[in-house]
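Architecture and fold: a report
Chain residues, written in single-letter form:
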Amino acid sequence: MPLTSDAPAADAPERAGPPPTEAPALKVVPVRHPARWAAIALTAVVLAQFAHGLVTNPGWEWGVFAQFFTTETILRAVGTTLQLTLYGTALGFLLGLVLAFMRLSDSPFLKTVAAGYIWVFRAVPLIVQLLFWFNLAYLYKRIDIGIPFGPGFFSFDTVNLVGAMSAAVLGLALHQAAYAAEIVRGGVLAVDDGQLAAAAALGIPRLRQLRRIVLPQAMRAILPNAANEVISLFKGTSIVSVMAIGELFYQVQVVYGRNGRVVPLLMVATVWYVLLTGALSVLQHYIERHFAKGATR
Amino acid sequence: MSAMVDIRSVTKSFGSVEVLRGIDLTVRTGEVTVVLGPSGSGKSTLLRTVNHLEKVDSGQVSVDGQLVGYRRSGDKLYELRERDILKQRTHIGFVFQNFHLFPHLTVLENITEAPVAALKRSRKDAEAAARRLLERVGLADKADAYPRQLSGGQQQRVAIARALALEPKLLLFDEPTSALDPELVGEVLDVIKDLAQQGTTMIVVTHEIGFAREVADTVVFMDDGRIVEQGPPSQILDAPRHERTRAFLSKVL
């Protein structure tokens, strides 16, 4: 195969086109897509059948669904689920931010500790970890706050301190932190080196460099992944049901355990999860738009 | 006149590559020094040692009589804390080849960021000063634009205004026109010439020989981590003594 090719037109005689005559108004006919129409028809049929089933199959028991969808028990459970998500996300990303900068630091010790944390907390299944926290009182009866290895100033009974709810938040947050750390680190690495060089050359103080120059730019890379994590944590709260915390999935199980209406109550949970995930996606859209200032894409 | 920059026996290696092999250079206050040389000759690295963006392996750099990046006590040099180095840098303006404007901040915010953050100026004063600087570089109407909405030449002029906002004693330019379309080079060089005529002390690393001839008080030719020769432009550009300088100039002229 020739590596170079001369333009064939170079030595070809200039082709004399038809003499310029009155250009007829030509109509453009777009290409047809018969296969696409077939696929559309097929998809429509399947969708229609599914919708028909939702409406006509008595097993869905839409009456029961409507009865429970907005009962106080369920609403309170939705509130608990949202609380777990909020605290888990806030604490998780805060700790994740610290871990990310530990891992990005020049200290081999801090780097190793952060890497070790990420290793362990990504390795231990969330449910195992949650049960550990739930049983913390078995390991440590009391928690003292004071001088390390020295006398304590405040002390708490572990059983009281780590109630089911705080054990759940702690577990979710520590689990989330490991993932958040890597997401934040990825975002920071995505910021061009030159930005830090410019900020350093201008004498901008270190913390302000991070807060004003690096993080806002890193956010563009962080946000889509972070949103994935928040949504996954939101649904992950259902695991907390093993600790008998009255979040959405646990409460639904309690109700259908009592009345035996499994399917409509699972639908109650499903619809709430779907609606709230939709709300989170809308929120994500607006936050991403905020951080896209000055960007061309 | 006194020395603004004093570079003494500076060496620097990246791994096993010696980038600077003993550089001595003095830049007097109010003078323009243009550094020429082939790629990889160490000229950009040298420039970055002047504001301690690059640490030297040995030797020392002083700006306005003050050691950069270190404090001397007896015969020891103690590395300064980052906070103090950052403070030193506010006296030294740096303009990058690729501008490095902050893309998420408007032109005005780019210029006011350092005065507000590093010099603790009020936002109002900083903005008024920034608008005057924008006028000076001919971009008064672009204050609220984002960097990506500007041409390369305009971005570089904003970067110069950003460096000037700290009212530095010294300006360093690292190939300020190398990333620009040829037709945009002139507008940036005009701004730098204007600064030179007002007596700003600066070191300019560039490939623009015409600019060097017109503006430089001293031309320095570097190759392979060493200064081959230096002198007034008429001497270095028109009657170079070293074969290496002649060979370089014959290629770029």
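These remarks concern the structure in this document. (Residues numbered from 1 in each chain as written. Chains lettered and ligands numbered in written order. Predicted model: local features only at pLDDT ≥ 70, side-chain atom pairs only at ≥ 80, totals over all residues. Heavy atoms only, no water.)

A short note on the overall build of chain B
Secondary structure summary: chain B contains 9 helices and 12 strands in total. Taking 18 Å as the expected radius of gyration for a compact globule of 253 residues, we find that chain B reaches 18 Å, a close match to that expectation. Here the C-alpha coordinates of chain B stretch approximately 50 × 50 × 40 Å along the principal axes. Evaluated residue by residue, chain B yields a buried proportion of 56% over its 253 residues. Once local pairs closer than 6 in sequence are excluded, the contacts in chain B between residues at least 24 apart make up 65%. In the structure as shown, chain B presents an accessible area of about 11,200 Å², 44% of it carried by carbon and sulfur atoms. When the 33 basic and 34 acidic side-chain charges of chain B are each reduced to a single mean position, those positions are 5 Å apart. (Helix = DSSP H or I, 4+ residues; strand = E, 2+ residues; numbered from the N terminus. Rg over C-alpha atoms; globule rule 2.2 N^0.38 Å. Buried < 20%, exposed > 50% of the residue type's maximum accessible area, 1.4 Å probe, protein only. Contact = heavy atoms within 4.5 Å. Areas by Shrake-Rupley, 256 points an atom, 1.4 Å probe, with all protein chains shown as cover. Lys, Arg positive; Asp, Glu negative; His and termini not counted. Charge placed at Lys NZ, Arg CZ, Asp CG, Glu CD.)

Re the environment of Ile 213 of chain A
Looking at where Ile 213 of chain A falls in the secondary structure, it is placed in helix 10 (residues 206-236). Residues Ile 213 of chain A and Ala 198 of chain A lie 15 residues apart in sequence; the distance between their C-alpha atoms is 9.8 Å. Once residues within four sequence positions are removed from consideration, Ile 213 of chain A is found in contact with Gln 195, Ala 199 and Arg 208 of chain A together with Phe 102, His 104, Leu 105 and Glu 113 of chain B.

Points about the packing of aromatic side chains
Taken as a whole and assessed by the stated rule, the structure comprises 8 aromatic pairs over all chains. Where Trp 62 of chain A meets Phe 65 of chain A, the ring centres are 5.3 Å apart and the plane angle is 80 degrees; that geometry is what we call edge-to-face. Of the two residues, Trp 62 of chain A and Phe 65 of chain A both sit in helix 2 (residues 62-69), 3 residues apart, roughly one turn of that helix. What makes Trp 62 of chain A partly exposed here is its relative accessible area of 31%. You can call Phe 65 of chain A buried: its relative accessible area is 14%. Taking 4.7 Å as the distance between ring centres and 45 degrees as the angle between the ring planes, the aromatic pair formed by Phe 94 of chain B and Phe 96 of chain B counts as tilted. A residue is classified by how much of its surface remains accessible, and Phe 94 of chain B, at 6% relative accessible area, is buried. Relative accessible area serves as the criterion here: at 4%, Phe 96 of chain B is assigned to the buried category. Joined through ring pairs, the aromatic side chains of Trp 60, Trp 62, Phe 65, Phe 69 and Trp 272 of chain A make up one cluster. Looking at Arg 162 of chain B, its charged tip hangs above the ring of Phe 102 of chain B, at a distance of 4.6 Å from the centre. (Phe/Tyr/Trp six-rings, centres within 6.5 Å; stacked < 30°, edge-to-face > 60°. Lys NZ or Arg CZ within 6 Å of the ring centre and 35° of its normal.)

Some thoughts on the layout of surface pockets
Approximately 970 Å³ is the volume found for the largest pocket. Elements that contribute at least two residues to the lining of the largest pocket include exactly helix 3 (72-104), helix 8 (164-189), helix 9 (193-201) and helix 10 of chain A together with helix 2 (82-89) of chain B. Across the lining of the largest pocket, the residue classes tally to 14 nonpolar, 5 polar and 10 charged. Contributing to the lining of the second largest pocket are 20 residues, with Ala 190, Gln 217 and Arg 220 of chain A together with Pro 103 and Arg 148 of chain B lying nearest its centre. In terms of residue count, helix 10 of chain A provides more of the lining of the second largest pocket than any other element does, 5 residues in total. (1 Å grid on protein atoms, 1.4 Å probe; cavity = no way out; pocket = protein on both sides within 12 Å on 5 of 7 lines; lining within 4 Å. Points joined across faces, edges and corners; volume = space filled by probe spheres on them. Nonpolar A, V, L, I, M, F, W, Y, C, P; charged D, E, K, R; others polar.)

Focus on the interface of chain B and chain A
Taken together, the contact pairs 27 residues of chain B with 23 residues of chain A. Both sides together, the interface formed by chain B and chain A hides about 2,100 Å², and carbon and sulfur atoms give 62% of it. Along the contact surface separating chain B from chain A lie 2 salt bridges. Between Glu 113 of chain B and Arg 208 of chain A there is a salt bridge whose closest N-O contact spans 2.7 Å. Where chain B meets chain A, there are 6 residue pairs in polar contact (both at pLDDT 80 or more). Of all the elements, helix 3 (residues 107-118) of chain B adds the most residues to the side of chain B that touches chain A, at 6 residues. Broken down by class, the residue content of the side of chain B that touches chain A amounts to 15 nonpolar, 4 polar and 8 charged. (Buried area = accessible area lost by both parts, 1.4 Å probe. Salt bridge = Lys/Arg side-chain N within 4 Å of Asp/Glu carboxyl O. Polar contact = N/O pair within 3.5 Å; in protein donor to acceptor, adjacent residues only side chain to side chain.)

Section: the environment of Ala 226 of chain A
Residues and elements named next belong to chain A. You can see Ala 226 is positioned in helix 10. With 42 residues separating them along the chain, Ala 226 and Val 184 place their C-alpha atoms 8.5 Å apart. Ignoring any residue separated from it by four or fewer positions in sequence, one finds Ala 226 in contact with Phe 93 and Ile 183.

Considering the sheet that holds strand 12 (residues 226-231) of chain B
Residues and elements named next belong to chain B. Strand order in this open sheet of 6 strands is 8-9-10-3-11-12, and the pairing throughout is mixed. Looking at which strands have only one partner, the edges of the open sheet turn out to be strand 8 (92-95) and strand 12. Between one strand and the next, the sheet's axes are offset by a mean angle of 15 degrees, whatever the strand orientation. Bridge count for strand 3 (residues 32-36) against strand 10 (residues 201-205) is 4 bridges, and the pairing is parallel. Its bridge partner being in strand 10, Val 32 is matched across the sheet by Met 202. Strands strand 8 and strand 9 (170-174) of the sheet are contacted by helix 5 (residues 152-164), whose axis makes an angle of about 170 degrees with strand 8. The sheet contacts of helix 9 (residues 243-252) involve strand 3, strand 11 (218-223) and strand 12, and relative to strand 11 the element is tilted by about 100 degrees. (Pairing = 2+ DSSP bridges. Axes fitted to C-alpha atoms, helices over the stretch in contact; angles between N-to-C directions.)

Notes on the pairing of strand 1 (residues 3-14) of chain B
Here is the key point about a regular strand: its side chains alternate between the two faces of the sheet. All names here are of chain B. Taken together, the 9 bridges between strand 1 and strand 2 (residues 17-28) define a ladder with antiparallel strand orientation. When the bridges of strand 2 are listed, Ile 7 appears paired with Leu 25. Hairpin geometry of strand 1 and strand 2 is characterised by an intervening segment of 2 residues between the two adjacent antiparallel strands and by a positive phi of about 65 degrees at Gly 15. For strand 1 and strand 4 (residues 58-63), the ladder comprises 5 bridges, and the chain directions are antiparallel. The residue of strand 4 that forms the bridge with Val 5 is Val 63.

A look at the environment of Gln 230 of chain B
Residue and element names in this part refer to chain B. The topology assignment puts Gln 230 in strand 12. Exposure remark for Gln 230: the relative accessible area of 35% places this residue in the partly exposed category. Aside from chain neighbours lying at most four places away, what touches Gln 230 is Asp 24, Leu 25, Thr 218, Val 219, Val 220, Gln 235 and Ile 236.

What to know about the sheet that holds strand 5 (residues 66-67) of chain B
If you walk across this open sheet you meet the 4 strands as 2-1-4-5 (chain B), and the pairing is antiparallel. Looking along the sheet, the strands with just one partner apiece sit at the ends: strand 2 and strand 5 of chain B.

Nothing here speaks to function; it is geometry throughout.
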